[in-house]
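Below are the chains, spelled out letter by letter.
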Amino acid sequence: MNKFAVFVSGALLFSSTAFAGGILTNTNQSAQFVRMPSRNASIDIDAVYYNPAGLMQMKNGFYFALNNQTIWQNRTIGSEFPLLSNKEHKGKVFVPVFPDVYAVYKLDKWAFSVGFGPNGGGGSAKFDKGLPSFEKSVSAIPASLIASKIPTTAYSVNLQFEGSSVFYGSQLNASYAINEVISVSAGVRVLNAVNTYSGYLNDISINPTYPAFGTKYNGAMVSASEFFGAGNTFLKGLSTSAVSAATSLNTAISGGTPATTPLTALPAAQQTGIAQLLGAAGISSTGMNIGTAATYLNAAAVGFNSKANEMAANSLATADKKVDTKQTGFGFTPIMGVNVHLNKLDFALKYEHNTALDLTKST
């Protein structure tokens, strides 16, 4: 495993994907939307949001409205990634309070209005078993270890993720009746964004069969972080031993022993130790002389040390992770509208400019 995507990276990837298309504007800006899911030519009080120019069809006076919606949904995210043991991750969305507040003052040819409500988002989603993007990296561990000739067939992990997103919109409009048929409006919405992401990735376990790292690694489920830590210790030891053996041979050569002296001329215990070190690096010591052995041992030490560093990085990556991120920011949306009233028909046009929104992230 040369690379391992840690939990925070997954969380940030998820949040980046969520905003890749910009703000997803809510259309249910009025409880009346539940009965009539097309309010874009409204001339009722919710026209503060849907059709500000249409407010000119109201009678003179002051109007105020407060409504709320309670929303709940189930979300299921599936993945076809072949290594996942859990193909579906189920989440629950619950929004107990989704309010909208509107106020209008209409006098002859003018109307002034304000509105407040969740223009985007407004709820939270909780996935008790996390998301596929988090588990995907963990599920790749057994295959990666098999590629390194460490038999491993299973993994397990304890995941959870919860995200919330709300863009509160505060809107101010001025509407004007050019005549009895045509009215226009201009306004601005101030967006206050608050997004939060929290969760954890704990208890990553695998079942490697590799007693060289320790007798406990015999196919039973063990902590992945501990296994990689044991691998780091083992490989660091091999690296140190290889350097020591190479130094011993180079010292002998410097002392007058010919570099062409065969390894078989060394004491049996020393021959065995060098053969084992070279064997661990995939090198056969058969027919080798001490000069060549010293060179190979130094190269093996570098290789052992590099693999040990990989093991250390994997141990850190598979340790328990927690994320707690909050994003906040403000944006402004200029809004223009036209309403054409012909007898009992209203034709409405509203244009909302792009919203420039800068988010500050605290993690």
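Residues numbered from 1 in each chain as written. Predicted model: local features only at pLDDT ≥ 70, side-chain atom pairs only at ≥ 80, totals over all residues. Heavy atoms only, no water.

**Let's talk about the overall build of the protein**
Then, in step 1: Along its length, the protein carries seven helices and nine strands.
Then, in step 2: For a compact globule of 363 residues, the expected C-alpha radius of gyration is about 21 Å, and the protein comes in at 34 Å, more than 25% above that figure.
Then, in step 3: A principal-axis box enclosing the C-alpha atoms of the protein has dimensions of 110 × 40 × 25 Å.
Then, in step 4: For the protein, the proportion of its 363 residues judged to be buried stands at 40%.
Then, in step 5: A separation threshold of at least 6 residues defines the contact pool for the protein, and within that pool the share at least 24 residues apart is 72%. (Helix = DSSP H or I, 4+ residues; strand = E, 2+ residues; numbered from the N terminus. Rg over C-alpha atoms; globule rule 2.2 N^0.38 Å. Buried < 20%, exposed > 50% of the residue type's maximum accessible area, 1.4 Å probe, protein only. Contact = heavy atoms within 4.5 Å.)

**So, the nonpolar core**
Then, in step 1: Counting 47 residues, the largest nonpolar core has Phe 227, Leu 249, Ile 274 and Leu 297 as its most contacted members.
Then, in step 2: Per-element accounting of this core gives the leading share, ten residues, to helix α5 (residues 224-254).
Then, in step 3: Residue contacts for Leu 249: discarding those within four places in its chain leaves Leu 266, Gln 270, Ile 274, Ile 290, Ala 293, Ala 294 and Leu 297.
Then, in step 4: Residues Tyr 49, Tyr 50, Met 56 and Met 58 belong to the second largest nonpolar core, which totals 14 residues. (Core = buried A, V, L, I, M, F, W, Y, C linked by side-chain atoms within 4.5 Å.)

**Describing the pattern of salt bridges**
Any two side chains of opposite charge can pair, given that their charged atoms come close.
Then, in step 1: This model, assessed by the stated rule, comprises four salt bridges.
Then, in step 2: When the shortest N-O distance is used, the salt bridge between Asp 46 and Arg 39 registers 2.8 Å. We note that Asp 46, like Arg 39, is buried.
Then, in step 3: Among the salt bridges present, the one from Glu 352 reaches Arg 189, with a minimum N-O distance of 3.0 Å. You can see Glu 352 sitting in strand β8 (residues 345-352) and its partner Arg 189 sitting in strand β5 (residues 182-206), a full 163 residues away along the chain.
Then, in step 4: Given the relative accessible area of 2%, Arg 189 is considered buried. (Salt bridge = Lys/Arg side-chain N within 4 Å of Asp/Glu carboxyl O.)

**Some remarks on the pairing of β5**
As a general feature of sheets, a regular strand has side chains that alternate between the two faces.
Then, in step 1: Of the pairings in the sheet, the one linking strand β4 (residues 155-177) to β5 comprises 22 bridges and is antiparallel in character. Across the sheet, Leu 159 pairs through a bridge with Leu 201, a residue of β5.
Then, in step 2: Connecting the antiparallel pair β4 and β5 is a turn made up of four residues.
Then, in step 3: In this structure, β5 lies alongside strand β6 (residues 222-223), joined through two bridges in antiparallel fashion. Its bridge partner lying in β6, Ser 205 is registered against Ser 223. (Pairing = 2+ DSSP bridges.)

**Concerning the packing of aromatic side chains**
Then, in step 1: Counting across every chain of the model gives eleven aromatic pairs.
Then, in step 2: Geometrically, the ring pair formed by Phe 116 and Tyr 168 is stacked, given 5.9 Å between the ring centres and 10 degrees between the ring planes. One end of the pair, Phe 116, is in strand β3 (residues 110-127); the other, Tyr 168, is in strand β4, and 52 residues separate them in sequence.
Then, in step 3: Between Phe 227 and Phe 228, the aromatic rings sit 5.7 Å apart at their centres with planes inclined by 65 degrees, giving edge-to-face as the arrangement.
Then, in step 4: Ring pairs connect the aromatic residues Tyr 210, Phe 213, Tyr 217, Phe 227, Phe 228 and Phe 234, which therefore count as one cluster.
Then, in step 5: One residue, Lys 350, lies across the ring of Tyr 49, its end atom 4.3 Å from the ring centre. (Phe/Tyr/Trp six-rings, centres within 6.5 Å; stacked < 30°, edge-to-face > 60°. Lys NZ or Arg CZ within 6 Å of the ring centre and 35° of its normal.)

**A closer look at unusual backbone geometry**
Then, in step 1: Positive phi, normally seen in glycine, also occurs at Lys 149, with a value near 65 degrees.
Then, in step 2: Inspection of the secondary structure puts Lys 149 in the loop between α4 (141-147) and β4.
Then, in step 3: Residues other than glycine seldom take positive phi values, yet Asn 343 does so here, at roughly 60 degrees.
Then, in step 4: Checked against the element boundaries, Asn 343 lands in the loop between β7 (321-342) and β8.
Then, in step 5: The exposure class of Asn 343 is exposed, given its relative accessible area of 69%.

**A word on helix α7 (residues 290-317)**
Then, in step 1: Compared with an ideal rise of 1.5 Å per residue, which puts 28 residues at 40 Å, α7 spans 40 Å between its outermost C-alpha atoms and is within 8% of the ideal.
Then, in step 2: The opening residue of α7 is Asn 289, an N-cap whose side-chain oxygen sits 3.2 Å from the backbone nitrogen of Gly 291. (Expected span 1.5 Å × (residues − 1). Polar contact = N/O pair within 3.5 Å; in protein donor to acceptor, adjacent residues only side chain to side chain.)

**Considerations on the confidence of the model for the protein**
Then, in step 1: Per-residue confidence for the protein gives a mean pLDDT of 89, with 94% of residues at or over 70.
Then, in step 2: The low-confidence segment residues 1-21, where pLDDT is below 50, has 40 contacts with residues more than four positions distant or belonging to other chains. (pLDDT = per-residue confidence, 0-100.)

**A word on the side chain of Asn 339**
Then, in step 1: Structurally, Asn 339 is set in strand β7.
Then, in step 2: For Asn 339, the side chain forms a polar contact with the side chain of Asn 51, separated by 2.9 Å.
Then, in step 3: Among all residues touching Asn 339, those that are not within four sequence positions of it are Asn 51, Ala 53, Gly 54, Gln 57, Val 181, Ile 182, Ser 183, Asp 346, Phe 347 and Ala 348.

**Description of the environment of Ile 150**
Then, in step 1: Here Ile 150 shows up in the loop between α4 and β4.
Then, in step 2: Distance from Ile 150 to Tyr 210, taken between C-alpha atoms, is 6.2 Å for residues 60 residues apart in sequence.
Then, in step 3: Not counting residues up to four positions away in its chain, the partners in contact with Ile 150 are Leu 145, Pro 208, Thr 209, Tyr 210, Phe 213, Phe 227 and Met 311.

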